[in-house]
Amino acid sequence: MKYRCNYLSPLAIFSFSLLLWGCGNSEEGGNTGNFGTIPAVEAVQAQFGALPLEERLSGITRASNQVEIYPRITAPVEEVMVRNGDYVESGAPLIRLEDREYSERLQQAEANLRVNEARARQSETRLNEVRNFLDRQETLYSRDLLSDADIEQARAQVMSAEADYELALAQVDQAHSQMSEQRDLLDRTVIRAPISGTVGQRNAEAGMQVNANSRLFVIGDLTHSTIRVNLTENMLGYIETGQTVRIFSENLGDTLLYSEVSRISPFLTSGSFSTEAEIDIANEEGLLLPGMFVTVDVLYGETSQATLVPLSAIFRHPRTGVQGIYVANGYGVETEPITEVDAGNPPPLSEPTSLEFREIEVVARGREAAGVAGINSGDWVVTVGQSLLIGSADDQDPQARIRAASWDRIMEMQRMQPEDLLERIMGEDVSSGI
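What you are looking at is a predicted structure, and each value in this text was computed from that prediction instead of being measured.

S.K.: How should I be thinking about the overall build of the chain in this particular structure?
M.R.: The number of helices and strands found in the chain is five helices and 21 strands. Counting the 434 residues in the chain, one finds 43% classified as buried.

S.K.: Just to check I follow, could you spell out the pairing of strand 17 (residues 353-359) for this structure?
M.R.: Here five bridges tie strand 16 (residues 323-328) to strand 17, and the two strands are oriented antiparallel to one another. Across the sheet, Ala328 pairs through a bridge with Leu355, a residue of strand 17.

S.K.: I would appreciate a short explanation of the side chain of Gln137 in the present structure.
M.R.: Mapping Gln137 onto the fold places it in helix 2 (residues 100-142). Classification of Gln137 as buried rests on a relative accessible area of 11%. When sequence neighbours within four positions are dropped, the list of residues in contact with Gln137 reads Leu146, Ile151 and Ala154.

S.K.: Mind showing me how you'd approach a nonpolar patch on the surface here?
M.R.: Together, Leu236, Leu268 and Phe273 make up an exposed nonpolar region whose accessible area comes to about 250 Å². Inspection of the secondary structure puts Leu268 in the loop between strand 12 (263-264) and strand 13 (274-282). When its relative accessible area of 34% is taken as the criterion, Leu268 is described as partly exposed.

S.K.: Sorry if this is basic, but what is going on with helix 3 (residues 148-187) here?
M.R.: For an α-helix, 3.6 residues make a turn, and residues three or four places apart therefore share a direction. Between its first and last C-alpha atoms helix 3 spans 58 Å; for 40 residues at 1.5 Å apiece the expected length is 58 Å, and the two agree. Among the residues of helix 3, Ile151, Ala154, Val158, Ala161, Tyr165, Ala168, Val172, Ala175, Met179, Gln182, Leu185 and Leu186 are the ones counted as buried. As for helix 3, its buried residues are in contact with helix 2 and strand 6 (190-192).

S.K.: Would you mind going over the nonpolar core with me for this structure?
M.R.: General note: in soluble globular proteins, nonpolar side chains tend to be found buried as a group. Among the nonpolar cores identified, the biggest contains 30 residues, and Val88, Leu94, Ile95, Leu97, Leu216, Phe217 and Ile219 are the most heavily contacted of them. Elements that contribute at least two residues to this core include exactly strand 3 (75-80), strand 5 (93-97), helix 2, helix 3 and strand 9 (217-232). With six residues, helix 3 is the single largest residue contributor to this core.

S.K.: Which parts of the structure should I look at to understand the pattern of salt bridges?
M.R.: It is possible for side chains bearing opposite charge to pair when their charged atoms get close. One pass over the full model with this rule turns up 18 salt bridges. Close ionic contact of Arg183 with Glu110 constitutes a salt bridge, the shortest N to O distance being 3.6 Å. Taken together, the residues Arg183 in helix 3 and Glu110 in helix 2 connect sequence positions 73 residues apart. In this structure Glu110 comes out as partly exposed when scored by relative accessible area, which is 24%. The residue Glu138 makes a salt bridge to Arg155 at a minimum N-O spacing of 2.9 Å. Of this pair, Glu138 sits in helix 2 while Arg155 sits in helix 3, and the two are 17 residues apart along the sequence. Residues participating in the shared-partner salt-bridge network are Glu54, Arg56, Arg246 and Asp297.

S.K.: Help me out: how do you make sense of the environment of Met411 in this one?
M.R.: When you line up the elements, Met411 lands in helix 4 (residues 407-415). When its relative accessible area of 11% is taken as the criterion, Met411 is described as buried. With 42 residues separating them in the primary sequence, Met411 and Ala369 have C-alpha atoms 8.3 Å apart.

S.K.: So what exactly am I meant to see when it comes to the sheet that holds strand 6 here?
M.R.: Strands in a sheet are paired, the pairing made by backbone hydrogen bonds, and the direction either parallel or antiparallel. Taken together, the four strands give an open sheet; going across it, the order is 6-5-3-8, and neighbouring strands pair in antiparallel fashion. The open sheet has two edge strands, strand 6 and strand 8 (209-210), and neither has a second partner. Note: strand 5 against strand 6, three bridges, orientation antiparallel. Bridge pairing in strand 6 links Arg96 to Val190.

Cut-off values and rules
Residues numbered from 1 in each chain as written. Predicted model: local features only at pLDDT ≥ 70, side-chain atom pairs only at ≥ 80, totals over all residues. Heavy atoms only, no water. Helix = DSSP H or I, 4+ residues; strand = E, 2+ residues; numbered from the N terminus. Buried < 20%, exposed > 50% of the residue type's maximum accessible area, 1.4 Å probe, protein only. Pairing = 2+ DSSP bridges. Contact = heavy atoms within 4.5 Å. Patch = residues over 30% accessible without salt bridge, like charges linked within 9 Å, V, L, I, M, F, W, Y side chains within 5 Å. Areas by Shrake-Rupley, 256 points an atom, 1.4 Å probe, with all protein chains shown as cover. Salt bridge = Lys/Arg side-chain N within 4 Å of Asp/Glu carboxyl O. Expected span 1.5 Å × (residues − 1). Core = buried A, V, L, I, M, F, W, Y, C linked by side-chain atoms within 4.5 Å.

Shape is all these values report; function is a separate question.
Have a look at this one:
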């Protein structure tokens, strides 16, 4: 499978904020290396596995079969029959427009039809008369009792009567068409729901004048949603229909939704060279609101097996410019990773432990973790507090007190927005008395 690696830098705000929590309180030791005390850091165990490949996109949610309702005629609103949030069946009346003008037009069209039908009957009667007359003339002509001029005149009268009758029939058809048109316009004074769904964005009140440009409602099926995302020309090389997608939003809290890529338009937009993909997803609980902005991760494959570390563990040494990871040598023989964190009772710090700064090679980088060479699976790697280790001559191999953390905690923190992250960390600091 073709895959693509996303190269992202760890957020500075993440490391800065987390070190407040990970440094411990005054009873457990200091928190800076610059003043000779042993700093405190946070560490997790490196893992061995495949790094999922994903493309993060922004999407807009729409209700399934979402449509906007516009009037098809110009008229004042006489009555609005639904409100925002009402569920309506297909064909249900939504708005009644003033119909007096259109009712009068229909009556005129019906009268015009009756007039033309009467004219057609007259023309038909006239045609029958001249045809009967021609039959008698033809009999006389066959007996040489009528001149050529007389028979030609009788035949011409029949042709004229036939033309008049055809014209009368055409006028009847035209009158029928005009009457149907006026009846259709009258029917349009009652605006009906084209689909079954929930009404929203009402913009109609009794008495207001509306026309074909006046949007009155939006209707859609809220139990099913469609999310639209833009794909670049390059993304079409590895994103396909059927691939799993992960959907989340700050408005959804910790809730993650999963679906798949349903459709991809094969036409690129001129100028932007991008196209649109659609993701259908069930929405029985109503979590996705039409117009909601969501983040969509398209999961399109995996890398080969490698040692995985959180992105926050990767540190570029400010003195040497070398990219590497601080590894806790000998730590963790009897330490279990922390799966849950109690802000009021954080896990204890270890005794001073030697750290080794190892240069690494990033072989694959994902959204929240990276596959690296130079680190072994099971090694405890520092994820928070690396900057506290800088400031002494031996900062390539310093000592630190370590607080064990869980992958889930680090991944969750890396997904948070900077302002939410700082707010959470400060809240934990206050709760734990740091």
